[in-house]
Amino acid sequence: MAIPEDPKEVSLSQGIRMMFYAMKPNETSFQSLEEVPDYVKQATPFFISLILLELALSWILKGKPAGRVDDALTSISAGVLSRLPRLFFRSIELSAYIYVWENYRLFELPWDSLWTWYLTFLGVDLGYYWFHRMAHEVNIMWAAHQTHHSSEDYNLSTALRQSVFQIYTSWIFYCPLALIIPPPMYAVHLELNLLYQFWIHTEIIESLGPLELILNTPSHHRVHHGRNPYCIDKNFAGTLIIWDRIFGTFEAENEKVSYGLTHPINTFEPIKVQFHHLHYIWATFWTTPGFWNKLSVLFKGPGWSPGKPRLGLLEEIPKVTGKEVLYATQVSGSLQLYALVQFALMLGFYEDTLADQGALSQATLFLRTGYIILTLTSIGFLMDQRPQAPIVETIRCSVFLILHKLNYLKPFIPSLTYALEVMDFYPSKRVTTYF
């Protein structure tokens, strides 16, 4: 096994095992936060490798790809957007936890104890269950979490479809742990719990036998992502399905699942994917009469309206007939290839920015972040076949050339510099021909 030179870098063996919560307690116990690796940041090559493996297995076993290019790009775009705030701020999930720990802890469990490790494992997973459940049952929290459910495909790229805003409510459910559990231990399990949930977003694995009784599995999580009436508000588990069994929210997979929101949003544009339900809440809030009803719009379920139960009426959920048509646009193969190339280049800039974050000025970080958001928006417009797409793409290419000339943006492969300048020289003419 290769030993990483930097103690905060994971080895190949550790990288594989961290994706399945199979790290040993003695290699994931740290005395200080500074020692804790950024497991999620280092998971990118494993995300890509597993997505490619799923794609290959899907072709071999089913004779078709595991998903669609436009949907996968939207999902990964959401994942990139969700990580951008961390270029400027420490995660609120960690900051709030540290504040409670430093000011209100009752006592301090030993950081190097096996008992502390397993107690934190259970505590973080239980906290996630209740956060996740409330994210479905409280409308203002659902406004963030719905991003993750908006894909009509179900594959490993769907796991990356994360909300920018979700962490601003999830921290509340972990703070009780700060009364006794050291922050480094919490930080480790927060990351490993998240990474575990990546591999369960697949249709390749049908059942894991007896493990289905204890663990959250692809089968259980497929139900959670379903818009079939029997799937609604079920299987909130992170790692252990036992919480759903205990609290009465478990449902086994018993018929073909149709994925996505009960009322599909029909877009591949990542900003709309993030914000559309907030816009809906805003409009509903002002048109709903009465002060208490307005509060209910925010804090009761997404299906609530005056005169209905807190979570709405299950019979109002649209029935799944099996004949649902997935949202799609007539995008040419050449335009998909163009979008894929631009997206891959953007990911290179994104990874380079994360790697050099500490050495970059705030101005450079802001400009690079703006360019990344503009690129994701433009690709979304292209995939949606919006009339404004050629204009937005022309602006994006022009911004790239300006930032490149001013040395705010450099290709992660220096030899690509000339090629990129050529590609971006006549963007409006090139993109218009694809429509």
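As the structure is a computational prediction, the values presented were derived from the model and not from experiment.

Calculation criteria
Residues numbered from 1 in each chain as written. Predicted model: local features only at pLDDT ≥ 70, side-chain atom pairs only at ≥ 80, totals over all residues. Heavy atoms only, no water. Helix = DSSP H or I, 4+ residues; strand = E, 2+ residues; numbered from the N terminus. Buried < 20%, exposed > 50% of the residue type's maximum accessible area, 1.4 Å probe, protein only. Contact = heavy atoms within 4.5 Å. Core = buried A, V, L, I, M, F, W, Y, C linked by side-chain atoms within 4.5 Å. UniProt positions renumbered as here; feature names shortened; annotations may be inferred. Phe/Tyr/Trp six-rings, centres within 6.5 Å; stacked < 30°, edge-to-face > 60°.

A.B. asks: Explanation requested: the side chain of Arg-222 in the structure shown.
C.D. replies: For Arg-222, the location among the structural elements is in helix H9 (residues 218-224). A residue is classified by how much of its surface remains accessible, and Arg-222, at 5% relative accessible area, is buried. Residues within four places of Arg-222 in sequence aside, it is in contact with Tyr-154, Thr-202, Glu-203, Ile-205, Glu-206, Glu-253, Val-257 and Tyr-259.

A.B. asks: How should unusual backbone geometry be read in this particular structure?
C.D. replies: Comment: phi is negative for the bulk of residues other than glycine, and the bulk of peptide bonds are trans. In this structure, Gln-385 takes a positive phi of about 60° despite not being glycine. Phi angles above zero are rare outside glycine, and Asn-407 is one such case at about 65°. Of note, Asn-407 is situated in the loop between helix H15 (389-405) and helix H16 (417-423).

A.B. asks: Honestly, the nonpolar core in this entry has me stumped. Any pointers?
C.D. replies: Nonpolar side chains in soluble globular proteins tend to be buried together. Judged by nonpolar contacts, the single largest core of 52 residues is most densely connected at Met-18, Met-19, Tyr-39, Tyr-186, Leu-195 and Phe-198. Sorting the residues of this core by element identifies helix H2 (44-62), helix H4 (92-104), helix H5 (114-137) and helix H8 (183-199) as the ones contributing at least two each. With 10 residues, the top contributor of residues to this core is H8. Listed in part, the 25 residues of the second largest apolar core include Met-346, Ile-372, Leu-376 and Val-392.

A.B. asks: Please explain the UniProt feature "domain: Fatty acid hydroxylase" (unreviewed entry) in the protein as it appears in this structure.
C.D. replies: Here the UniProt-annotated "domain: Fatty acid hydroxylase" (unreviewed entry) positions come out as residues 118-249. With 49% helix and 0% strand, residues 118-249 has its two end C-alpha atoms placed 24 Å apart.

A.B. asks: Any chance you could explain the packing of aromatic side chains here in plain terms?
C.D. replies: Given two aromatic rings, their pairing is described by the distance between the two centres and the angle made by the two planes. Scanning all chains against the criterion turns up 27 aromatic pairs. Ring centres 6.5 Å apart and planes at 80° place the aromatic pair Tyr-21 and Trp-117 in the edge-to-face group. Taken together, the residues span a long stretch of sequence, with Tyr-21 in the loop between helix H1 (12-18) and H2 and Trp-117 in helix H5 at a distance of 96 residues. Ring geometry for Phe-47 versus Phe-198: centroids 4.7 Å apart, planes at 40°, classification tilted. Pair noted here: Phe-47 is in helix H2 and Phe-198 is in helix H8, with a separation of 151 residues, a long-range link. As far as the burial class goes, Phe-47 and Phe-198 line up, both buried.

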